[in-house]
Amino acid sequence: GVEMGGFDEVIGVARGAEDNDSQESEEFTERMEKGEPFMTTSCCPAYVGWVDKHSPALKPYVSETFSPMVYAARRAKAKHPDAEVVFLGPCLAKRHEADSVPEVDYVMSFEELGAFMVAYNIDVSKCEEMPLEADVTNFARGYARAGGVRDAIVNAVGNGYTTANIEGLDKKNIALLKKMVKDPPAQFVEVMACDGGCINGPCSLAPLSLARRNLKKGLG
């Protein structure tokens, strides 16, 4: 049946985060065994785009693992090969990322989804809450906040490596990133373009403090 406003099924992106976690932790371990000095995350397309344009020397150190969006979309396509896959999120940079992968057909922001619901007279407060899948890990659900990917990788590979997370592409962090090739702050570096992570994306509907509380509540 139709779950919501024309969508037949909703798949939590945390499923894709679990796939990202297993791939990225494996890639990181391999790179460290080869003696590479550090690796940064690749799940934030705004950061990856910034590297391409402004700091290409960093590119060899950016993970080649796909983002949770791509892995979740792959799951959707595997289950329903003829489906049109729409990524719903708080991020504008995902549109550019979606253009470069075959798995995602459209990207809709939370703001656009909100307008969609108003147009269709859908009152979220009166909708039945969908239970979260019990077998998805809290580490996967935590990807949306700054530090979440780092926590997931540490959980996967152990704490035998140094780690850091950078949130927000302000002047200070840009300077840190530009000198990272010669002076990395850690072996594993998570980078998010938004202060606070994806939960504070440009098209998010809740202030960061509320988003953090809601995420914490969801993690139990």
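Reading the values: the criteria
Residues numbered from 1 in each chain as written. Predicted model: local features only at pLDDT ≥ 70, side-chain atom pairs only at ≥ 80, totals over all residues. Heavy atoms only, no water. Core = buried A, V, L, I, M, F, W, Y, C linked by side-chain atoms within 4.5 Å. Buried < 20%, exposed > 50% of the residue type's maximum accessible area, 1.4 Å probe, protein only. Helix = DSSP H or I, 4+ residues; strand = E, 2+ residues; numbered from the N terminus. Expected span 1.5 Å × (residues − 1). Axes fitted to C-alpha atoms, helices over the stretch in contact; angles between N-to-C directions. Parallel < 35°, antiparallel > 145°, perpendicular 65-115°, else oblique. Left-handed = near helix turned anticlockwise from the far one by under 90°. Contact = heavy atoms within 4.5 Å. Nonpolar A, V, L, I, M, F, W, Y, C, P; charged D, E, K, R; others polar. Polar contact = N/O pair within 3.5 Å; in protein donor to acceptor, adjacent residues only side chain to side chain. Phe/Tyr/Trp six-rings, centres within 6.5 Å; stacked < 30°, edge-to-face > 60°. Lys NZ or Arg CZ within 6 Å of the ring centre and 35° of its normal. Salt bridge = Lys/Arg side-chain N within 4 Å of Asp/Glu carboxyl O.

Further remarks concern the nonpolar core. Within the largest apolar cluster, 16 residues are counted, with the highest numbers of intra-cluster contacts made by Tyr47, Leu58, Leu177 and Met180. Put simply, the parts of the chain that give this core at least two residues each are helix H2 (45-54), strand S4 (163-167) and strand S5 (188-192). For this core, the element with the most residues is H2, which contributes 3 residues. Listed in part, the 14 residues of the second largest apolar core include Phe28, Met39, Cys43 and Val149.

Here we come to helix H1 (residues 13-33). Here H1 spans 30 Å end to end across 21 residues, near enough to the 30 Å set by a 1.5 Å rise per residue. Following H1 by one or two positions, Gly35 has its phi on the positive side, about 90 degrees.

Let us now look at the packing of H1 against helix H7 (residues 148-157). A pair of packed helices is captured by two measures, namely the crossing angle of their axes and the spacing between those axes. For the pair H1 and H7, interaxial distance at closest approach is 9 Å and the crossing angle is 65 degrees. The orientation of H1 with respect to H7, classified from their angle, is roughly perpendicular. For H1 against H7, the interelement crossing comes out right-handed. Together, Asp21, Glu24, Ser25, Phe28 and Thr29 of H1 and Val149, Ala152, Ile153, Ala156 and Val157 of H7 make up the contact between the two elements. Class assignment for the residues of the contact of H1 with H7 results in 6 nonpolar, 2 polar and 2 charged.

With respect to the secondary-structure elements, Met192 resides in strand S5. Residues Met192 and Gly147 lie 45 residues apart in sequence; the distance between their C-alpha atoms is 8.8 Å. Once you skip the residues sitting within four places of it in the chain, Met192 turns out to touch Cys44, Tyr143, Arg145, Val149, Ile166, Glu167, Gly168, Gly197 and Cys198.

Further remarks concern the side chain of Thr65. Structurally, Thr65 is set in the loop between H2 and helix H3 (68-79). Exposure remark for Thr65: the relative accessible area of 7% places this residue in the buried category. Within the structure, Thr65 has its side chain in polar contact with the side chain of Glu27 (distance 2.7 Å). In this view, Thr65 contacts Asn20, Gln23, Glu24, Glu27, Ser42 and Tyr71; residues no more than four positions away in its chain are not counted.

So, about the packing of aromatic side chains. Counted by the stated rule, this structure contains 5 aromatic pairs. Seen from their ring centres, Phe28 and Phe188 are 5.3 Å apart, and the 80 degrees between their planes marks the pair as edge-to-face. A residue pair is termed long-range when its members are at least 10 positions apart, and Phe28 in helix H1 and Phe188 in strand S5 qualify at 160 residues. As far as burial versus exposure is concerned, Phe28 and Phe188 are alike and both buried. With a centroid separation of 6.2 Å and 75 degrees between ring planes, the pair formed by Phe66 and Tyr71 is classed as edge-to-face. According to the relative accessible area criterion, Tyr71 is buried, its value standing at 8%. Put simply, the rings of Phe28, Tyr161 and Phe188 pair up and form one aromatic cluster. In this structure, Lys94 packs its charged tip against the face of Phe87, placed 5.9 Å from the ring centre.

Okay, the pattern of salt bridges next. Counting across every chain of the model gives 14 salt bridges. Linking Glu18 and Arg15 is a salt bridge whose minimum nitrogen-to-oxygen distance equals 3.6 Å. With Glu18 and Arg15 both in helix H1 and 3 residues apart, the pair spans about one turn of that helix. Between Asp135 and Arg15 there is a salt bridge, and its shortest N-O distance comes to 2.7 Å. One end of the pair, Asp135, is in the loop between helix H5 (110-119) and helix H6 (138-141); the other, Arg15, is in helix H1, and 120 residues separate them in sequence. By relative accessible area, Asp135 is classed as exposed at 53%. On the basis of relative accessibility, which here comes to 16%, the residue Arg15 falls in the buried class. Each member of the salt-bridge network shares a partner with another, and the members are Arg15, Glu18, Glu133 and Asp135.

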